[in-house]
Amino acid sequence: MVVILKERPDTDEKQADLVFNALADRTRRDILRRSMGGELSVSALARSYTMSLAAVQKHVAVLDRAGLVTKRRRGREQLVRTELATVQAAQSLLDEFEAIWRARIDRFADVLNMPNEGAMP
Amino acid sequence: MTVTAVEMDLEQLTMCVTTQLDAPVTRAWQLWADPRQLERWWGPPTYPATFIDHDLTQGGRCTYFMTGPEGDQPRGWWRIVAVDAPRSLEFEDGFADEDGNPNNELPVMTMRLDLTERAGGGTTMTIVTRFSSVEDMQRILDMGMEQGMTAAVNQMEGILAG
């Protein structure tokens with residue numbers, strides 16, 4: 001093999017799967033957006049949705065396992081805060097793919113604008 | 001910029017790149033169908049691609065290698081799933097070993113190209129890339145890094161910033 005795979009610990013890959021699975025849900029992305037500005041209680045979050053408190057708690061648990069939010073107790077309340085660093089890391093993975101394709105399409109456009117020397121009928 | 005939209009769908013693990021081109025559909029198709037024109041844009045300037053086999057028929061295979069600054073030559077392959085010239089092409093894109101045989105341990109992406117005529121002339125080109133898992137996405141990216149794509153990307157970002 002010519003191509004050498006960069007060594008990446010197995011745990012990192014599992015973590016990436018957790019992160020993207022957590023992000024692949026509209027409600028969970030919405031929870032992340034709402035908890036970006038500061039801590040929100042799970043019960044306050046639950047008021048924004050038609051689903052039960054238990055269902056919202058489940059979504060928060062998925063986000064927590066992925067490291068996308070941190071939870072903390074204050075009295076009887078469960079407070080949730082978005083972990084921006086994890087969100088940004090996931091975003092940068094997507095950005096890299098986007099950048100590779102933008103560069104490729106730029107080259108495509110360059111070739112398209114070159115005179116076609118009858119290479120194809 | 002010719003790329004007008006890049007959409008990532010996290011539910012489906014797909015990336016859709018939409019581009020508006022001034023050229024007609026038949027001309028845009030040539031850049032995929034003619035290997036000599038294809039290899040002028042498929043690989044980054046630091047890793048230009050050379051296509052050895054290029055058979056755009058259903059079930060057909062394309063094989064290519066890229067040549068790096070150190071003379072290294074990573075290889076890749078396409079397997080054509082469906083083709084409707086000059087409008088659409090669907091293929092799997094994977095990595096190959098030194099003899100050009102598909103390396104089944106490495107990730108495979110599925111790509112779908114659509115060229116549609118725009119009212120008033122020109123072509124809308126959409127390319128949808130589908131990954132089978134996030135892990136695969138990460139691995140493909142890591143290999144791209146090895147192949148010097150980062151240099152090309154940084155270069156481009158510099159241009160955008162300026």
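Everything below is about the structure shown above.
Residues numbered from 1 in each chain as written. Chains lettered and ligands numbered in written order. Predicted model: local features only at pLDDT ≥ 70, side-chain atom pairs only at ≥ 80, totals over all residues.

A. Representation of the sheet that holds strand S2 (residues 69-74) of chain A within the structure. All names here are of chain A. Pairing in this open sheet of 3 strands is antiparallel, and the strands run S1-S3-S2 from one edge to the other. The open sheet has two edge strands, strand S1 (40-41) and S2, and neither has a second partner. Bridging between S1 and strand S3 (residues 77-82) involves 2 bridges; their strand directions are antiparallel. The residue of S3 that forms the bridge with leucine 40 is valine 80. (Pairing = 2+ DSSP bridges. Helix = DSSP H or I, 4+ residues; strand = E, 2+ residues; numbered from the N terminus.)

B. Looking closely at the packing of helix H2 (residues 26-34) of chain A against helix H4 (residues 53-65) of chain A. All names here are of chain A. Between H2 and H4, the shortest axis-to-axis distance is 10 Å and the interhelical angle comes to 75 degrees. Taken together, H2 and H4 sit at an angle that is classed as roughly perpendicular. Of the residues in H4, those touching H2 at Thr27, Arg28, Ile31 and Leu32 are His59, Val60, Val62 and Leu63. Across the contact of H2 with H4, the residue classes tally to 5 nonpolar, 2 polar and 1 charged. (Axes fitted to C-alpha atoms, helices over the stretch in contact; angles between N-to-C directions. Parallel < 35°, antiparallel > 145°, perpendicular 65-115°, else oblique. Contact = placed C-beta atoms within 7 Å. Nonpolar A, V, L, I, M, F, W, Y, C, P; charged D, E, K, R; others polar.)

C. Main features of the packing of helix H5 (residues 84-113) of chain A against helix H1 (residues 25-33) of chain B. Close contact between H5(A) and H1(B) brings their axes to 10 Å; oriented N to C, the two are set at 115 degrees. What the angle tells us is that H5(A) and H1(B) run roughly perpendicular. You can see that H5(A) and H1(B) cross each other, and the crossing is right-handed. On H1(B), the residues touching Phe108(A), Val111(A) and Leu112(A) of H5(A) are Arg27(B), Ala28(B) and Leu31(B). Taken together, the residues that form the contact of H5(A) with H1(B) break down as 5 nonpolar, no polar and 1 charged. (Left-handed = near helix turned anticlockwise from the far one by under 90°.)

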